[in-house]
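Each chain is listed here by its residues.
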Amino acid sequence: MREWKSEMLAISRAGHDKDTVYVVLKSDDTYLWLADGKRRLLETPKKKKWKHVQVIKCLPDEILSQMQNITLDAHVRRLLADYRKLQEQE
């Protein structure tokens, strides 16, 4: 299994997946590769332009610690569920 290293989440701001939260797996100057563990898996991430997403760089420590251990799609789903719960509490 491949271990993913990332410290960002992204919210889609354009397209049919608008308002979907993703984990950023990889990035370059033009694109981000995103996964949500359901429709977009770690093996087949979504390629989306920077201008179509809002990147979330400042994350709580508990979410950052989970991001260091992403190896399965289930880990991505759990991380995103925990992030949504934290957002609802605020």
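All figures in this text were calculated on a predicted structure; none of them were measured in a lab. (Residues numbered from 1 in each chain as written. Predicted model: local features only at pLDDT ≥ 70, side-chain atom pairs only at ≥ 80, totals over all residues. Heavy atoms only, no water.)

A. Structural view of the confidence of the model for the chain. Per-residue pLDDT for the chain averages 90, and the proportion of residues at 70 or more is 93%. Across the chain, strand 1 (residues 9–12) holds the top mean pLDDT of 96, while helix 1 (residues 61–67) sits lowest at 90. (pLDDT = per-residue confidence, 0-100. Helix = DSSP H or I, 4+ residues; strand = E, 2+ residues; numbered from the N terminus.)

B. Region of the structure containing the pattern of salt bridges. Under the defined criterion, the tally for this structure stands at three salt bridges. In this structure, D17 and K48 form a salt bridge, with 3.1 Å as the shortest nitrogen-oxygen distance. You can see D17 sitting in the loop between strand 1 and strand 2 (21–27) and its partner K48 sitting in strand 4 (residues 46–49), a full 31 residues away along the chain. You can call K48 buried: its relative accessible area is 8%. (Salt bridge = Lys/Arg side-chain N within 4 Å of Asp/Glu carboxyl O. Buried < 20%, exposed > 50% of the residue type's maximum accessible area, 1.4 Å probe, protein only.)

C. Highlighting the pairing of strand 4. A one-sided burial pattern is seen for strand 4, the buried positions being K46 and K48 and the unburied ones K47 and K49. Examined bridge by bridge, strand 3 (residues 31–35) and strand 4 share four bridges and lie antiparallel to one another. If you follow L34 over to strand 4, its bridge partner there is K46. (Pairing = 2+ DSSP bridges.)

D. Representation of the environment of Q54. Within the fold, Q54 resides in strand 5 (residues 53–56). Through-space distance from the C-alpha of Q54 to that of L34 is 12 Å; in sequence the pair is 20 residues apart. Not counting residues within four places of it along the chain, the set of residues in contact with Q54 comprises L9, A10, I11 and R13. Looking at Q54, its side chain comes within polar contact range of the side chain of R13, at 3.0 Å. (Contact = heavy atoms within 4.5 Å. Polar contact = N/O pair within 3.5 Å; in protein donor to acceptor, adjacent residues only side chain to side chain.)

E. The arrangement of the sheet that holds strand 3 in detail. Taken together, the five strands give an open sheet; going across it, the order is 4-3-2-1-5, and neighbouring strands pair in antiparallel fashion. Of all the strands in the sheet, just strand 4 and strand 5 have a single pairing partner and so form its edges. Strand after strand, the sheet turns through a mean of 45° between neighbouring axes, direction not considered. As paired strands, strand 1 and strand 2 are joined by three bridges and run antiparallel to one another. The partner of L9 across the bridge, within strand 2, is V23. (Axes fitted to C-alpha atoms, helices over the stretch in contact; angles between N-to-C directions.)

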